[in-house]
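So the chains spell out like this:
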Amino acid sequence: MTSTERQQTESQFEVDRYDPSDLELKWRARWDESGLHKTRDTVEGKPNWYALVMFPYPSGDLHVGHWFQYVGADAHARFKRMEGFNVLHPQGFDAFGLPAENAAILNNINPAEFTRETIENARRQFRLMGTSYDWDREIITCEPEYYKWNQYFFLKFMEKGIAYRADGPVNWCNSCQTTLANEQVKDGACERCGTVIERRNMTQWYFKITDYADELLDMDNIDWPDRIKLMQTNWIGRSEGADFNFDISEYGIEAQHITTFTTRIDTVYGVTFIVLAPEHPLVESLTQPDQAEAVQAYIASAAAASEVERTSTEREKTGVPTGSYAINPLNGDRVPILVGDYVLASYGTGAVMGVPAHDERDFVFATKYDLPIRVVVAPDGWDGSDLEEAYLAPGAQVNSGEFDGLNSTEGMQKISDKIEAEGWGHRTISYKMRDWLISRQRYWGTPIPVVYCDDCGTVPVPVDQLPVELPREAQFKPTGRSPLIDDESFVNTTCPRCGKPAKRETDTMDTFMDSSWYHLRFTDPHNDDAPFDLERAKNWMPVHRYMGGVEHAVMHLLYSRFFNKALRDLGIVDFDEPYTRLFNQGIMTTEGGKISKRNRPMPADPLVERFGTDTVRTYLMFLGPWGDGGMWSDEGMNGPSRWLNRVWDLANRDPERLGSVPVDNAVDSGILRGGHALSKKAVVDFEAFKFNTVIAGLMEYTNELAKAWDAGGVSPATWSEAIERTLLILAPIAPHITEELWERTGHEFSIHSQSLPSWKEDLTMAETVTIVVQINGKLRARLEMPADSTEDQVAAVAMAESNVQAHTEGKQIRKQIYVPNKLLNLVVG
RNA sequence: GGGGAAGUGGCGAAAUGGCAGACGCGCAUGCCUUAGGAGCAUGUGUCCAAAAGACGUGUGGGUUCGAAUCCCACCUUCCCCA
């Protein structure tokens, strides 16, 4: 290129420089007008693809963490579109729930008003991101048109016995002033606010998710990260064991026995004590008068400790005797009954049989309280001496009556048979997972559609009276009881069955109810007669690619699977799983940690103002693999910004100006082949959410193009094709600039309706390749050879290299390894 | 305590059995500019003045012609569970 030409390019660049602000506005308006993102249920010749990203809580500004999530999901959906699918990529708002309600309280406005404002703002920001949502399918879960169907499903669940009301211990968050499901308690604290959870006894509504425990464990047919599957498996916590009854009939109380749950019935002859959870219902009646004071005091102190503290292996095991004894029906042993807080009322039966010889915690406990330790499963070569620590592995049964000599694995079966035959207990399966507690003592949620009548009891609201609307003007500040209790016009109603005065249920539903089926509503979002039409849903379901954060592994993702199976059993859907493939994006961090609303919110608006949406998108996708998250740095934005300017510059050059220099076949073929290789690689990388390497590949290619332009030798046709490929591959990541350049390079609207560039396999490799020559595994020479050279050809050239000769001189070549187009390794000695 | 994921330049990272550090940031030098949070060019793992060479992917071992990649042990960080 001559200096005059360079000046021309530069002056052209000055006049028509890349200015994202106008250009991005222009194209977003054009996309809206043309209905580019409207999704039809079916399109001739295109298979459907449901690309779903977890919808947000509208609790404030969307920050760069949201951008990271939603831009990645959008880029992947756009990629699928350009791969030839008819893509549904919808968006909505998970608008009920504590974040919105708390924010509203803080700002002293009604949650409905607050939510409306934040949704408007979020919608604006989603547009600013350049996302390709079809807004005609938007869902807002706090609108009666949506939550009506929550109520509908609740009633269906009641009919089927999946929803039930029960009294029992619940998790109470004193800061959020509501109960929580077990899944919403992390490390003994409220998942939302971090307050330590209290136990209370309350009457609440539950969903029988435990009925589906075994089915939920079966994840063979879903393509999810192993990590998430493992977390769900552990959460469900299936353990096979036995319930076994110890006799307490000597006390003359109503209960004749204490039922313990154990996974090690083979060790039952080694029981030397029983431990009850402090909350166990028999504690009171079994406490003897001389122990009453100590037990009372102990229960009080246990109540102050959280579950996490109580079960920590670090913490000293404590307990007090009740003064009562229980008889082991197998051997007639009379063993003491203690109360100990390392036993939880909520797991198993709330009572454990203490086998110190074969359980670590029991061993520690027995040592501390000087209780006998009796070996009943012998370690290999055991000489009858005392154990230093609990022996957990299988072994030979000893001190086990008629079962002596059996291997304990067999003993487990034989003893189970015996206790079942004698009626002392039975094999059973215990799960860690509890039923899903659905009631919340908060205002901003779906009213539970139930009426309590003095005569008829608990009466479901008839479906034709739905929705039970949430009163707009109610008192909504949390007081520890449901705010709706104070709204008399809401509470007081008539019994749907007998017509007498009755009272409404005033608790609202957990918001995970909303997100358990929203993916179905997106397929038929305006249906007034049903939550969705099954035939319409089946156009899309199950979701082909679900994208979202790992934090929902045992909350939303477990609830949704349960919900789908429940709907299937009600005949409402006919598939087993809601989400076929799951991909978790990583977490966006700063030096201060995770970016969230609470921690360095980092709004994106100022960045967009300075750099433009496409640069922010490209930057975020370039940080690293989407699945690994990214570390924010203020400096990094310059790279993508410069690069998009260079793409702009390259694509705006007139290819005809290349015609003045004769075509150099080597250069021309290099550009052509580079384009084919890039097109092939892009599909693989996009599919794997490796947007960073797609961008790196594009950068490498545009660097090559810039060099080739300066050096000359590329034909205008090759150049134009190269630019076209670059724009098409970049389009899912930077939708605005590519649309503008697509038009400027003489193409028809829209680039986003095009297919990704095709490639020919034989053009994806360069004409010449670098072959590495190693001697004994050490690099000694590099050869430029025609692609697909034979081993003999390569070896001949290699042996002519002076450095190769120097290292093989006087030595024998013992072995020669050839990897085509890559490497020749000579083993000498 | 158990389980899982990860550990590569000053930084984000690439390479998943075959040239370690692609691509980018930052930095350095030079050019251009009234100016620059602009642009362009060149350089940038360590040792060595440089070349040649050697060393180099948390640590130590192993498998292999060849290991960042596979195996074993350990250390560190993060996540989940107790």
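Only a predicted model underlies this, so the values are computations on that prediction, with no experimental measurement involved.

Caption draft 1: How the structure looks around the packing of helix 8 (residues 226-236) against helix 18 (residues 556-569). The contact between helix 8 and helix 18 brings their axes to 11 Å, and the two run at 75°. Considering the angle they form, helix 8 stands roughly perpendicular to helix 18. Contacts between helix 8 and helix 18 involve Ile228, Gln232, Trp235 and Ile236 from the first element and Leu557, Leu558 and Arg561 from the second. Considering only residue class, the contact of helix 8 with helix 18 consists of 5 nonpolar, 1 polar and 1 charged.

Caption draft 2: Representation of the packing of helix 21 (residues 638-652) against helix 23 (residues 691-711) within the structure. Relative orientation of the contacting elements helix 21 and helix 23 amounts to 45°, with a least axis distance of 11 Å. Taken together, the axes of helix 21 and helix 23 are oblique relative to one another. Note on packing geometry: the crossing formed by helix 21 with helix 23 is left-handed. Where helix 21 abuts helix 23, its residues Trp643, Arg646, Val647 and Leu650 lie against Ile695, Leu698, Met699, Thr702, Asn703, Leu705 and Ala706. Class assignment for the residues of the contact of helix 21 with helix 23 results in 8 nonpolar, 2 polar and 1 charged.

Caption draft 3: Molecular detail of the protein's contact with RNA strand B. Neighbouring RNA strand B are 35 residues, the closest being Arg610, Leu623, Arg642, Arg782 and Asn825. The share of sugar and phosphate among atoms of RNA strand B within 4 Å of the protein is 69%. Contact distances for RNA strand B include 3.0 Å between a phosphate oxygen and a side-chain N or O atom of Asn692. In this structure, Arg780 approaches RNA strand B through a side-chain N or O atom, which is 3.3 Å from a phosphate oxygen. Secondary-structure elements contributing two or more residues to the surface near RNA strand B are helix 8, helix 21, helix 23, strand 31 (768-775), strand 32 (778-786), strand 33 (813-819) and strand 34 (823-828).

Caption draft 4: Quick peek at the pattern of salt bridges. Enumeration over the complete set of coordinates arrives at 44 salt bridges. The partner of Arg78 in a salt bridge is Asp74, and the shortest N-O contact between them spans 2.8 Å. With Arg78 and Asp74 both in helix 3 (residues 64-82) and 4 residues apart, this pair spans about one turn of that helix. The same class applies to Arg78 and to Asp74, which are both buried. Note that Arg725 is salt-bridged to Glu721, the shortest N-O span being 3.0 Å. Of this pair, Arg725 and Glu721 both sit in helix 24 (residues 716-730), 4 residues apart, roughly one helical turn. Residue Glu721 is classed as partly exposed on the basis of its relative accessible area of 29%. Sharing partners across several salt bridges, the network here consists of Lys38, Asp41, Asp134, Asp136, Arg137, Asp524 and Arg536.

Caption draft 5: Looking closely at the confidence of the model for chain A. Per-residue confidence for chain A averages 89 on the pLDDT scale, and 95% of its residues sit at or above 70. Taken element by element, the predicted model of chain A shows its lowest mean pLDDT in helix 1 (residues 3-15) (41) and its highest in strand 2 (residues 86-88) (98). Considering only residues more than four positions removed or in separate chains, one finds that residues 1-15, a stretch of pLDDT under 50, has 14 contacts. The complex prediction reports pTM at 0.90, with the ipTM value standing at 0.94.

Caption draft 6: Inspection of the sheet that holds strand 19 (residues 436-437) at higher detail. One open sheet holds the 4 strands; their spatial order is 6-5-9-19, and the pairing between them is antiparallel. For this open sheet the edge positions go to strand 6 (178-180) and strand 19, each flanked by a neighbour on one side alone. Examined bridge by bridge, strand 5 (residues 163-173) and strand 9 (residues 198-207) share 10 bridges and lie antiparallel to one another. Its bridge partner lying in strand 9, Ala163 is registered against Phe207.

Caption draft 7: The sheet that holds strand 1 (residues 48-53), seen in detail. Strand order in the open sheet formed by 4 strands is 2-1-26-27, with parallel pairing between adjacent strands. In this open sheet, the two edge strands, each paired with only one partner strand, are strand 2 and strand 27 (582-584). When the angles between neighbouring strand axes are averaged without regard to direction, this sheet yields 20°. Alignment of strand 1 against strand 26 (residues 545-548), held across 3 bridges, turns out to be parallel. Considered in strand 26, the bridge of Leu52 is made with Tyr546.

Caption draft 8: Structural view of the environment of Gly401. Examined against the element boundaries, Gly401 turns out to sit in the loop between strand 17 (396-397) and helix 13 (408-422). A C-alpha to C-alpha distance of 9.8 Å links Gly401 and Val376, two positions 25 residues apart in sequence.

Caption draft 9: Focus on helix 18. Here helix 18 spans 20 Å end to end across 14 residues, near enough to the 20 Å set by a 1.5 Å rise per residue. Of all 14 residues that make up helix 18, 13 are buried, and the element is covered over most of its length. Downstream of helix 18 by a residue or two, Gly571 has a phi angle that is positive, lying close to 80°.

Caption draft 10: Examining the packing of aromatic side chains more closely. Evaluation of the coordinates by the stated rule reveals 47 aromatic pairs. Residues Phe93 and Phe126 carry aromatic rings whose centres are separated by 6.1 Å and whose planes lie at 45° to one another, so their mutual orientation is tilted. Here the residue Phe93 occupies a position in strand 3 (residues 92-93), and Phe126 occupies one in helix 5 (residues 111-128), the gap between them amounting to 33 residues. We classify Phe93 as buried; its relative accessible area is 0%. With a relative accessible area of 0%, Phe126 lands in the buried category. Above the face of the Phe749 ring, Arg30 is positioned so that its terminal group lies 4.1 Å from the ring centre. In this structure, Arg78 is placed above the aromatic ring of Trp31, and the distance from its NZ or CZ to the ring centre is 5.7 Å.

Caption draft 11: Broad picture of the pairing of strand 31. One ladder, built from 8 bridges, connects strand 31 with strand 32; its direction is antiparallel. What sits directly across from Val773, in strand 32, is Ala781. Where strand 31 hands over to strand 32, the hairpin turn is made up of 2 residues, of which Asn776 adopts a positive phi near 50°. Where strand 31 lies against strand 34, 4 bridges are found, and the strand directions are parallel. For Val772, the partnering residue across the bridge sits in strand 34 and is Leu823.

Caption draft 12: The side chain of Lys565, seen in detail. You can see Lys565 is positioned in helix 18. What makes Lys565 buried here is its relative accessible area of 2%. Lys565 has contacts with Tyr212, Glu215, Leu216, Asp576 and Glu577, leaving out every residue within four places of it along the chain.

Caption draft 13: Layout of the pairing of strand 5. Pairing of strand 5 with strand 6 involves 3 bridges; the strand directions are antiparallel. Counterpart to Cys173 in the pairing with strand 6 is Thr178. Counting the residues between successive antiparallel strands, the hairpin from strand 5 to strand 6 contains 4 residues, one of them, Gln177, with a positive phi of roughly 60°.

Caption draft 14: View of a negative patch on the surface. Where like charges cluster on the molecular surface, the negative patch consists of Glu143, Glu145, Glu469, Asp528 and Asp529. Residue classification places Glu469 among the partly exposed positions, given a relative accessible area of 49%.

Caption draft 15: Seen up close, the environment of Pro111. As for its position among the elements, Pro111 is in helix 5. Looking at Pro111, the relative accessible area reads 0%, which means it is buried.

Caption draft 16: Representation of the nonpolar core within the structure. Phe153, Phe154 and Trp436 are the most contacted members of the largest nonpolar core, which has 164 residues in total. No other element matches helix 3, which puts 10 residues into this core. In contact with Phe153, other than residues within four places in its own chain, are Met513, Trp517, Pro531, Phe532, Phe563, Leu567 and Ile572. Formed by 37 residues, the second largest nonpolar core is a distinct cluster that contains Leu276, Leu387, Tyr391 and Leu406.

Reading guide: rules and limits
Residues numbered from 1 in each chain as written. Chains lettered and ligands numbered in written order. Predicted model: local features only at pLDDT ≥ 70, side-chain atom pairs only at ≥ 80, totals over all residues. Heavy atoms only, no water. Axes fitted to C-alpha atoms, helices over the stretch in contact; angles between N-to-C directions. Helix = DSSP H or I, 4+ residues; strand = E, 2+ residues; numbered from the N terminus. Parallel < 35°, antiparallel > 145°, perpendicular 65-115°, else oblique. Contact = heavy atoms within 4.5 Å. Nonpolar A, V, L, I, M, F, W, Y, C, P; charged D, E, K, R; others polar. Left-handed = near helix turned anticlockwise from the far one by under 90°. Near = heavy atom within 4 Å. Polar contact = N/O pair within 3.5 Å; in protein donor to acceptor, adjacent residues only side chain to side chain. Salt bridge = Lys/Arg side-chain N within 4 Å of Asp/Glu carboxyl O. Buried < 20%, exposed > 50% of the residue type's maximum accessible area, 1.4 Å probe, protein only. pLDDT = per-residue confidence, 0-100. Pairing = 2+ DSSP bridges. Expected span 1.5 Å × (residues − 1). Phe/Tyr/Trp six-rings, centres within 6.5 Å; stacked < 30°, edge-to-face > 60°. Lys NZ or Arg CZ within 6 Å of the ring centre and 35° of its normal. Patch = residues over 30% accessible without salt bridge, like charges linked within 9 Å, V, L, I, M, F, W, Y side chains within 5 Å. Areas by Shrake-Rupley, 256 points an atom, 1.4 Å probe, with all protein chains shown as cover. Lys, Arg positive; Asp, Glu negative; His and termini not counted. Charge placed at Lys NZ, Arg CZ, Asp CG, Glu CD. Core = buried A, V, L, I, M, F, W, Y, C linked by side-chain atoms within 4.5 Å.

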